[in-house]
Amino acid sequence: MDDSYDCRSIRNICILAHVDHGKTTLADHLIASSGGGVLHPKQAGRLRFMDYLDEEQRRAITMKSSSICLQYKGSAINLIDSPGHMDFCSEVSTASRLSDGGLVLVDAVEGVHIQTHAVLRQAWIEKLTPCLVLNKIDRLIVELKLSPMEAYNRLQRIVHEVNSIVSTYKSEKYLSDVDSILAGPAGEVSDENQDFIEDDEEDTFQPQKGNVVFACALDGWGFGICEFAEFYASKLGASSSSLQKALWGPRYFIPKTKMIVGKKGLAAGSKARPMFVQFVLEPLWQVYEAALDVNGDKKILEKLIKSFNLSIPPRELQNKDPKLVLQSVMSRWLPLADAVLSMVIKHMPDPIAAQSFRVSRLLPKREILDNTVGDSDVVAEAEIVRKSVETCDSQPESPCVAFVSKMFAVPIKMLPQRGVNGDLLNNYTEEGGSGDSDECFLAFARIFSGVLHAGQKVFVLSALYDPLKSGDSVQKHIQEAELHSLYLMMGQGLIPVASVRAGNLVAIRGLGQHILKSATISSTKNCWPFSSMTFQVSPTLKVAIEPSDPVDMAALMKGLRLLNRADPFVEVSVSARGEHVLAAAGEVHLERCIKDLKERFAKVNLEISPPLVSFRETIEGELSNPFEKLKSLTGNSNYIERVTPNGRCTVRVHILKLPDALTKLLDESSDLLEDIIAGKSIQVKTMGGQDDDNPVESLRKRIMDAVESEVTDGNAEKYKLLWENLLKRIWALGPRQVGPNMLLLPETTTKETGPSVIIRSSPYVSERLGFINSNELELEINPSSTNQQLIQESESLRSSVLSGFQVATSAGPLCDEPMWGLAFVIEASISPFESETEAIHQQSQSDQYGVFSGQVMTAVKEACKAALLQRNPRIVEGMYFCELNTPTEYLGPMYAVLARRRARILKEEMQEGSPLFTVHAYVPVAESFGFADELRRWTSGASSALLVLSHWEALPEDPFFVPKTEEEKEEFGDGSSVLQNTARKLIDGVRRRKGLPVEEKVVQHATKQRTLARKV
Ligand SMILES: Nc1nc2c(ncn2[C@@H]2O[C@H](COP(=O)(O)OP(=O)(O)OP(=O)(O)O)[C@@H](O)[C@H]2O)c(=O)[nH]1
Ligand SMILES: [Mg+2]
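In this text, all values refer to a predicted model and were calculated from it rather than measured experimentally.

(A) Examining the overall build of the protein chain more closely. In terms of regular secondary structure, the protein chain is built from 35 helices and 38 strands. In the protein chain, of all internal contacts separated by at least 6 residues, the share reaching a separation of at least 24 is 75%. Here the protein chain displays about 44600 Å² of accessible surface, and carbon together with sulfur accounts for 52% of that area.

Right, dumping it as structure tokens:
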């Protein structure tokens, strides 16, 4: 083993940015500068080396993250280029998990965009150390023709905006990226308060500290403030460190006194420009003018070449194309790779420093409160493993731990033909089971501790593995595997290596059968799995797929299996109706998946259904006075009643719409809620760093805030009290235990009528969330009844009530879609048998109506569904937040496209200093398919749109409003006389797709309805 191994000289970094801001172009220059003949400097910026897939080159966007190992001045830099397109945002998660630092790029002309928010957030979540690269500075000069002063203001604004975004993440102010965008442009700064911005010590990105580079990746130049500070130090007679502080912000140079002063030090009416403008931007602008302007003063170039002693071949200087001349001068004067890589080495941590900082995110400390499980040896060893991850221990004898952030498929013929020792390999031999495929699966991984060897036997731990538990339930989360070979990644190229030490990235072959998407690899069983990665969105675009020729079904299924493994984000499932459903992040992603399926994995022709859009069902919100509705919930009227066929159980259901903010909160916190409800955070507590806050407490506070956000009138106090009472009665959430619907217990004061007994439970969820503390909990369940047998029976029926609620909330009455934002108070009371004989008779009854527990479940389900129908049902649809950039002349066609898609415009704004208009809008998911294409067609490709899933929104329309409509009219109505009922159309669409009867409903009285069913 190489003894000169120096972990301190390694940097693991990724490039993150909005789509098209120049990541892959920047990567080209970094690769070219590291030599080794991988990429000739002449091709840098044009080849887009890391976009090696055909589809990436064709579309000119990156679709996956891939890594390359670079050498720079004695350091080894593992660089990961990530995609910026929303559809591939999962690749940003996988890239940032394996990196310690993130180069965040922002296009100086376009400024901060949706994905900029998203990548900053990802970097924050994964505890990366970020540095900023303001790219495409050339566009400010050549395209926008800004003056140096205007350019400075713009750059300063971008830096400020990026800083504000990071600070909102620090303060955890926003739940989602869309929230933070909607909160308004953080960077709105007027000239007067620019002094204020400059001096904020808390800012993450500060050019004067050296973690911001100004660049033009296309032409290969870039610089940080320090490059200029050093150059001017001797000229201005100041130290380079004091210059470095002065070259950004409102600092001015007074030539007479050779003093640097702030704004106050300027004489009144002084025309002095900030030093950054005077000493950095103006010379740049001069060089550009000299080179590109036909009448430009060519002497300036000569002077520059001389004073910086640049060696430029005369052939290049005499080139007829002024752009090429400029490029060869600029890239030698301010070489991009030097500026960026020296910043990386100086400001980004090596693996040892990084892992000690990131360990609280990667492997949170587990505090075992329950001493009855596991034994102390296991705990002690797991702690040793954690320590060695924390210190990035690369000794061969220390435990070996690696994390696989994704699996990727490589055609077998692309694998290296020769092994580490130059021996010829037969690549087709192993991979047990998948020998019939031409694809080989490699794991994209990072070693966090110890040394990984080819041929080593390791344990593969899934995220659910718990070293303290044994038995079958845990066995399925741990597997043994033998690593076949290890490769260093050079973009597409793979170099076989015998072993890899902690702190490095590696591609591993031999885990294809063991890992689906991500996993922890460890040399010991006594290791906790790494915490799961977070993804910005979930795959929402679903289609059903079938082979054109039914004979190919087996090939399709195998193809889907391979695709599911090869793409970290795709979801493959089989629907209740037996269709194979593929869920992708968006249209571009879906298109690539289908192409991969057809050409690589299944190799058969496929039929793709139109997108399957999901909806939610709810009731009309209480617009005017939520308080009144809330009161009625506790009253004795306004309920739906269902009785079991055997007459022994009466179910009464009250329904209430939750405040929107609460629904949103419950929906977005589902992961946390799942842990809390499963009791995880009680047994296993995370410690250290920012995780110190008690998550339960902060969630509880946010729930209260969400509830209070709804009231505006004078009843606030009463309303709050009522809610406090309700929040103490949460028995369960649904569907699937964590959804945004609540099952509330009847009030404790609710009395049984006669000898019957109400099925009650403890308010389990309230208890977990801490709305009710354990001594309050000792409520006497069913105090009034003395019939022990009946009480026992009621206890055994609890799960029936729960399942009834879960089933009802997972498929509502409108079109079998999940319910949304509803609370149900379910009062199910059972009465005793009237006589002994009846009890005996029960056996035969159970034959007639099914078992009693089943009857109760059905009654609860039916009552919940009926309650929804009775109370002004509404359909809820998913909304995309859409950001469009359009040149002014195409505004007309753009608005036309938006109008056809039922879009709601939120903001329209001219981008300062550019001919582009930025429009923010909400577009319903149901209307979004083909949106980007249509927009491109109508605006000749000038307008671009990015969609992010934003929120759920109820259509205000009553789906049953139109009393009698012929179906044709609904479908093809001209919209002149009969108003198109969109809600109804959506519901019928889903019902038809699901094969449910499409009904003509006439609601005459809220409680009475007539149903004319007609099968379509
Ligand atoms: N004018 C100018 N154009 C640039 C600069 N850097 C990149 N570009 C252009 O911007 C476009 C996008 O560049 P890419 O490097 O593919 O962008 P990306 O960020 O990798 O894009 P995705 O990976 O798809 O998110 C290309 O046409 C580049 O030539 C620059 O500094 N100035
Ligand atoms: Mg790219």
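(B) Summary view of the coordination of the magnesium ion (ligand 2). Within the protein, Thr-24 (OG1) and Thr-62 (OG1) serve as the donor atoms for the magnesium ion (ligand 2), at 1.9 Å. With Thr-24 in helix α1 (residues 23-33) and Thr-62 in the loop between α2 (54-59) and β2 (66-72), this residue pair connects regions lying 38 residues apart in the sequence. In this pair, the class of Thr-24 matches that of Thr-62, namely buried.

(C) Broad picture of the pattern of salt bridges. Overall, the coordinates contain 41 salt bridges when judged by the stated rule. Between Arg-386 and Glu-383 there is a salt bridge; the shortest N-O distance is 4.0 Å. Linking Arg-386 with Glu-383, this pair stays in helix α17 (residues 376-390), spanning 3 residues, or about one helical turn. Across the salt bridge formed by Lys-457 and Glu-482, the nearest N and O atoms sit 3.6 Å from each other. You can see Lys-457 sitting in strand β14 (residues 457-461) and its partner Glu-482 sitting in strand β15 (residues 478-482), a full 25 residues away along the chain. For Lys-457, a relative accessible area of 56% corresponds to the exposed category. The exposure class of Glu-482 is partly exposed, given its relative accessible area of 44%. Here the residues in one salt-bridge network are Glu-55, Arg-58, Arg-59, Glu-591, Lys-595 and Glu-599, joined through shared partners.

(D) Here's a closer look at the environment of Phe-205. Relative to the elements of secondary structure, Phe-205 occurs in the loop between α8 (194-198) and β6 (212-216). Through-space distance from the C-alpha of Phe-205 to that of His-160 is 8.4 Å; in sequence the pair is 45 residues apart. When sequence neighbours within four positions are dropped, the list of residues in contact with Phe-205 reads Leu-120, Pro-130, Cys-131, Leu-132, Val-159, Val-162, Asn-163, Val-166, Asn-211 and Val-212.

(E) Here's a closer look at the site of ligand 1. The environment of ligand 1 is made up of 18 residues, and the closest members are Lys-23, Thr-24, Thr-25, Thr-62 and Ala-217. Contact distances for ligand 1 include 2.5 Å between an oxygen atom and a side-chain N or O atom of Thr-62. In the model, an oxygen atom of ligand 1 is placed 3.2 Å from a nitrogen or oxygen of the Asn-135 side chain. Bound to the protein, ligand 1 loses 85% of the 650 Å² it would expose on its own. For the shell around ligand 1, the elements supplying multiple residues, two or more each, are α1 and α5 (137-142). Sorting elements by how many residues they give to the shell around ligand 1 places α1 first, with 3 residues. A class-by-class count of the residues in the shell around ligand 1 yields 5 nonpolar, 7 polar and 6 charged.

(F) Summary view of the nonpolar core. Core analysis: the biggest nonpolar cluster contains 103 residues, and Leu-134, Leu-140 and Phe-276 have the highest contact counts within it. When residues in this core are grouped by element, the largest group, 12 residues, is from helix α11 (residues 275-292). In contact with Phe-276, other than residues within four places in its own chain, are Tyr-152, Leu-155, Phe-214, Phe-223, Ile-225, Leu-247, Trp-248 and Leu-281. One finds Leu-797, Met-819, Val-856 and Cys-864 within the second-largest nonpolar core, a separate group that totals 47 residues.

(G) Main features of the packing of helix α9 (residues 225-236) against α11. One way to put it is that α9 packs onto α11 with a least axis distance of 11 Å and a crossing angle of 105 degrees. Relative to α11, α9 is oriented roughly perpendicular. On the side of α9, the interface is formed by Ile-225, Phe-228, Tyr-232 and Leu-236, while α11 contributes Met-275, Phe-276, Phe-279, Val-280 and Pro-283. Residue classes in the contact of α9 with α11 are distributed as 9 nonpolar, no polar and no charged.

Criteria and cut-off values
- Residues numbered from 1 in each chain as written.
- Chains lettered and ligands numbered in written order.
- Predicted model: local features only at pLDDT ≥ 70, side-chain atom pairs only at ≥ 80, totals over all residues.
- Heavy atoms only, no water.
- Helix = DSSP H or I, 4+ residues; strand = E, 2+ residues; numbered from the N terminus.
- Contact = heavy atoms within 4.5 Å.
- Areas by Shrake-Rupley, 256 points an atom, 1.4 Å probe, with all protein chains shown as cover.
- Donors = N, O, S within 2.8 Å, 3.2 Å for Na, K, Ca; no water.
- Buried < 20%, exposed > 50% of the residue type's maximum accessible area, 1.4 Å probe, protein only.
- Salt bridge = Lys/Arg side-chain N within 4 Å of Asp/Glu carboxyl O.
- Near = heavy atom within 4 Å.
- Polar contact = N/O pair within 3.5 Å; in protein donor to acceptor, adjacent residues only side chain to side chain.
- Nonpolar A, V, L, I, M, F, W, Y, C, P; charged D, E, K, R; others polar.
- Core = buried A, V, L, I, M, F, W, Y, C linked by side-chain atoms within 4.5 Å.
- Axes fitted to C-alpha atoms, helices over the stretch in contact; angles between N-to-C directions.
- Parallel < 35°, antiparallel > 145°, perpendicular 65-115°, else oblique.

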